[in-house]
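Listed here are the chains, written in short residue letters.
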Amino acid sequence: MHGSAEYPTSLHEGVAMISSEAILQVFCGATPRLFYPNPCSNLLTYSHGSITKCKKRSRSNAIRFFRCSNVHTCRQFPTTPSIHRQNFQNRRSYQHLSCKCQTSESVSGLTAEDANDTWVMDNPKQFNTIQDTNHPPNLSDSKDIHKLKKEKDDSTSDTIEDEAWDLLRDSIVNYCGSPIGTIAAKDPTSSSVLNYDQVFIRDFIPSGIAFLLKGEYDIVRSFILHTLQLQSWEKTMDCHSPGQGLMPASFKVRTVPLEGDETATEEVLDPDFGEAAIGRVAPVDSGLWWIILLRAYGKSSGDLSLQERIDVQTGIKMILKLCLADGFDMFPTLLVADGPCMIDRRMGIHGHPLEIQSLFYSALLCAREMLAQEEGSTDLIIALNNRLVALSFHIREYYWIDMKKLNEIYRYKTEEYSYDAVNKFNIYPDQISPWLVEWMPNRAKWADLVADMPFKICYPALEGQEWQIITGSDPKNTPWSYHNGGSWPTLLWQLTVACIKMGRPEIAERAVKIAEERLTKDKWPEYYDTKRARFIGKQSRLFQTWTIAGYLVAKLLLKDPTKAKILMNDEDSELVNAFSCMTTSNPRKKRGPKSSQKTYIV
C-alpha cells in the first residue's frame, strides 16, 4: 500500500499494497479478516556484538580445526553436497526432454485469458480440458482424457520439482563446515553479483520453510542461531548506530587472512544493516520474519528447546522492545520509512503499509506464543497484548475497503473536529481515484492480479506524473515492472497458505499450475514485467532462490495442507473478546474494557 503517516492520503494508496490474504478475500468473497528432534541446545552461547570465526590452514587446503569465539560445541551438521547445474543438466535424460516437448505440442489447456471468465462462473476444479487435435486419443470417456492429462501434468510437475530442489540445495552457503543459509541468486549467466551472493533474512524464509517441510531442520536451526548473534552488531551509518535489537538485512560469509599467520585463514560473518544497501535503509521486516521462522521451526521439528533458550528469549524481547517502543506516532500500526522492506526502493510507502502491518501482527502472535511466562516478561507481555488488540481493530476498521466503505468515504464531510468525527483522518472525497471506482470488485480479479504469472506485488502500478514524482522516474520501477506492479513468483507460497487457511486450495493449485508452465523455461526469474506478466523482468535475476523456494513450499503445502499450521495462528478467545468490546463500545466514551476482569488495557 502506498501509505502515509496517517490513514492513506488517497484510496489509490489505500489498496495498492495488499497482502496475500487480503487479495484472497477479493477472489472468494470472504468476510474481511486478518492473517492470523534433533536438539543441540549447547551449539552457541549468546554474546551481543560479536562474530563467530572459524580458522583453517591454507597449506593443506582443508579445515584443520575450528575455533569459534562464542562456540562451546561446534556441531558438524551433515553438509549438503554441492550440486552443480551442469551435472544436473547431464542427469536429465533425452527421454524426459522429448516427453516434455511432446506434451507441449500435443496437449493444450486453457490460457489465463481463456479461463478468466470460466473461473469466475464455473467450479474452479473443472478448468482443464484437452484438445489433442494432432493425435486424438482413442478414448470414449472424457474422464479417461482427464486422467491421461493429469498423469502427464504430474510427470512434468515432478520433473520441475526435482530441478527446483537441486537448484535450492546448490544455493546453500556453508559456514564452519555447516549449512547456514541460501544466497539470494546464483545465476551462472550473469557476471554482476552485487549483493545477490549474500544470505538475506527475508529471502531465506521460503527456503527455510521448504527445508522444514522436508524434515531438514539443521540448516534452519543454524540460521536462527547465527543471525541472532549478529543482532546487535556495531555498524554505523554516518556515525549513527542502529537501534538495539535490529536484525541485519543480510550477511555474507567472508574468508580473510588470519592476523599474524600468513598460512591460515578464518571465516567471518559480515552483516549488512542497510549501510551498504541501495538507499541506505535499515530493514524493518528482518526481525519480524526471524520470529515467524523461529516458531515454524518449533512447530515443525517439535524441538521447543531452541525457543526456550535464554539467548533466544532475549533476542525475541529485543525485537519486541524495538517495535513496541513509544514515539511520536499516534497509531498502533508500525511506522515504516520508504524502502526498508521487500519494496526496498522509493515507491511512496512511507507510513504504514499493509504488508508490514500484516507481518507485524503475525510476528506479535508468534512472539506471544513463545515468550516465557516469567516475572521479567510481565510488562512486555501486557504491552504486546494491548498492541495486538489495538492493531487488530485499527486494520479491520481503517484498512479494509469494499463498496459500502467506499460509498461512505465518497459522502464524507471534511474538517471535522471532535472525538465523534466520522472522517477521522480528514480524507477528501475527491481523493478517490477514478480507477478504483471502476475496479472495486464484485467478482474475482484473476486477470489483473495473476494473469500469466502469479503474483502482483501491488495493484495498480504508478504511472505518468505520479510515477515520476514518487519514484524519481526510477528506470527499474517503471510501470508494471519490479516493485511497481511487477509479478513475483515467490509470493506463491504466501498465497497458498492464505488459500489453505480460507478453505480454497483450488485457487492456489491453479496459480501454481500457471507458474509451472513458465518458471523452468524462463530459468526461475526474480520477477516478471507488463500488466499480464508476459515478459521476464528487464533487470530480473535468473535462478532466484526465493522464486525456487516459494514454488517448492507451495507444492509441499498443497500435497499436505495440514503442514500449513506451522505458519498459522489460531485466534485467541481473549483477544477476540477484547476486540469485540472495542467495536461494540460507544465511540463517544473512552475506549476500554467493560469490566475490571479484562486483562487488556486499551
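Only a predicted model underlies this, so the values are computations on that prediction, with no experimental measurement involved. (Residues numbered from 1 in each chain as written. Predicted model: local features only at pLDDT ≥ 70, side-chain atom pairs only at ≥ 80, totals over all residues. Heavy atoms only, no water.)

A. Fine view of the overall build of the protein chain. Helix and strand content of the protein chain: 21 helices and eight strands. The buried share of the protein chain, reckoned over its 602 residues, is 54%. Just so you have it, the protein chain exposes about 28200 Å², and 50% of that area is on carbon and sulfur atoms. (Helix = DSSP H or I, 4+ residues; strand = E, 2+ residues; numbered from the N terminus. Buried < 20%, exposed > 50% of the residue type's maximum accessible area, 1.4 Å probe, protein only. Areas by Shrake-Rupley, 256 points an atom, 1.4 Å probe, with all protein chains shown as cover.)

B. Spotlight on the side chain of R387. Turning to its location among the elements, R387 is positioned in helix α13 (residues 378–398). The buried charged residue R387 lacks any salt bridge partner; its closest oppositely charged side chain belongs to D326, at an N-O distance of 5.7 Å. In contact with R387, other than residues within four places in its own chain, are C323, L324, F331, P332, T333, F360 and L364. (Lys, Arg positive; Asp, Glu negative; His and termini not counted. Salt bridge = Lys/Arg side-chain N within 4 Å of Asp/Glu carboxyl O. Contact = heavy atoms within 4.5 Å.)

C. Up close: the pattern of salt bridges. By the definition in use, this model includes 20 salt bridges. A salt bridge links E374 to K317; the nearest nitrogen and oxygen atoms lie 2.7 Å apart. In this pair, E374 is assigned in the loop between α12 (354–370) and α13 and K317 in helix α11 (residues 310–324), connecting sequence segments 57 residues apart. Here E374 falls in the partly exposed class, since its relative accessible area comes to 39%. Given a relative accessible area of 16%, K317 falls into the buried group. A cluster of three or more residues bridged by salt bridges with shared partners is formed by E161, E516, K555 and K559.

D. Region of interest: the confidence of the model for the protein chain. Model confidence for the protein chain is summarised by a mean pLDDT of 78, while 71% of its residues fall at 70 or above. Predicted confidence is poor over residues 1–52, with pLDDT under 50, and the contacts of this stretch with residues over four places away or in other chains come to 207 contacts. Overall, residues 586–602 carries pLDDT values under 50, and its contacts beyond four positions in sequence, including any with other chains, amount to 28 contacts. (pLDDT = per-residue confidence, 0-100.)

E. Fine view of the nonpolar core. Counting residues in hydrophobic clusters, the biggest one holds 132 residues, and the most contacted among them are I224, W290, L293, I316, L320 and W524. With residues up to four places along the chain from it excluded, the contact list for L320 reads L364, A367, L371, L380 and L384. Membership of the second largest hydrophobic core comes to five residues, among which are W439, L449, Y459 and A461. (Core = buried A, V, L, I, M, F, W, Y, C linked by side-chain atoms within 4.5 Å.)

F. Local environment of the environment of C323. By secondary structure assignment, the location of C323 is in helix α11. Here C323 falls in the buried class, since its relative accessible area comes to 11%. With 36 residues separating them in the primary sequence, C323 and G287 have C-alpha atoms 9.5 Å apart.

G. Fine view of the packing of α11 against α13. Two numbers describe how α11 lies on α13: the axes approach to 11 Å, and their chain directions differ by 50 degrees. By the angle between their directions, the pair α11 and α13 is classed as oblique. You can see that α11 and α13 cross each other, and the crossing is left-handed. Contacts from K317, L320, K321, C323 and L324 in α11 reach L380, A383, L384 and R387 in α13. (Axes fitted to C-alpha atoms, helices over the stretch in contact; angles between N-to-C directions. Parallel < 35°, antiparallel > 145°, perpendicular 65-115°, else oblique. Left-handed = near helix turned anticlockwise from the far one by under 90°.)

H. A look at helix α7 (residues 201–213). Between its first and last C-alpha atoms α7 spans 18 Å; for 13 residues at 1.5 Å apiece the expected length is 18 Å, and the two agree. Within α7, 13 of the 13 residues are buried, which leaves it mostly tucked inside the rest of the structure. A positive phi of about 80 degrees marks G215, the residue just after α7. (Expected span 1.5 Å × (residues − 1).)

I. Structural detail: unusual backbone geometry. Geometrically, the link from P454 to F455 is a cis peptide bond, its omega value of 25 degrees lying close to zero. Among the structural elements, F455 can be located in the loop between α16 (446–449) and α17 (464–471). Between Y459 and the following residue, P460, the backbone shows a cis peptide bond with an omega angle of -5 degrees. Structurally, P460 can be placed in the loop between α16 and α17. We note that C176 has phi near 60 degrees; this positive angle belongs to a residue other than glycine. Residue position: C176 is located in the loop between β2 (172–175) and β3 (178–182).

J. Quick peek at the packing of helix α18 (residues 492–501) against helix α20 (residues 545–559). Relative orientation of the contacting elements α18 and α20 amounts to 20 degrees, with a least axis distance of 7 Å. In terms of their interaxial angle, α18 and α20 are classed as roughly parallel. Along its contact with α18, which presents L492, W493, T496, V497 and I500, the element α20 presents G550, V553, A554, L557 and L558. Residue composition of the contact of α18 with α20, by class: eight nonpolar, two polar and no charged. (Nonpolar A, V, L, I, M, F, W, Y, C, P; charged D, E, K, R; others polar.)

K. Structural context of the packing of aromatic side chains. This model, assessed by the stated rule, comprises 17 aromatic pairs. Among the aromatic residues, those joined into a cluster by ring pairs are F331, F393, Y398 and F425. Sitting over the face of the ring of Y482, K476 holds its NZ or CZ atom 4.3 Å from the ring centroid. A cation over a ring is seen here: R541 above Y196, with NZ or CZ 4.4 Å from the ring centre. (Phe/Tyr/Trp six-rings, centres within 6.5 Å; stacked < 30°, edge-to-face > 60°. Lys NZ or Arg CZ within 6 Å of the ring centre and 35° of its normal.)

L. Broad picture of the environment of L294. Locating L294 in the fold gives a position in helix α9 (residues 286–301). Each C-alpha atom of the pair L294 and L225 lies 9.8 Å from the other, and the pair is 69 residues apart in sequence.

M. Local environment of the pairing of β2. Across four bridges, β2 lies against β3 in antiparallel orientation. Residue N174 lies in a different strand from β3, and its bridge partner there is P179. (Pairing = 2+ DSSP bridges.)

N. View of the side chain of H394. Among the secondary structure elements, H394 is positioned in helix α13. Contacts of H394, omitting those with residues within four sequence positions, involve F331, P332, T333, Y399 and F425.

O. Molecular detail of helix α19 (residues 505–516). With twelve residues, α19 extends 16 Å from end C-alpha to end C-alpha; this agrees with the ideal 16 Å at 1.5 Å per step. Here α19 lies mainly inside the structure; nine of its twelve residues are buried. All of the buried residues in α19 are E506, I507, A508, R510, A511, V512, I514, A515 and E516.

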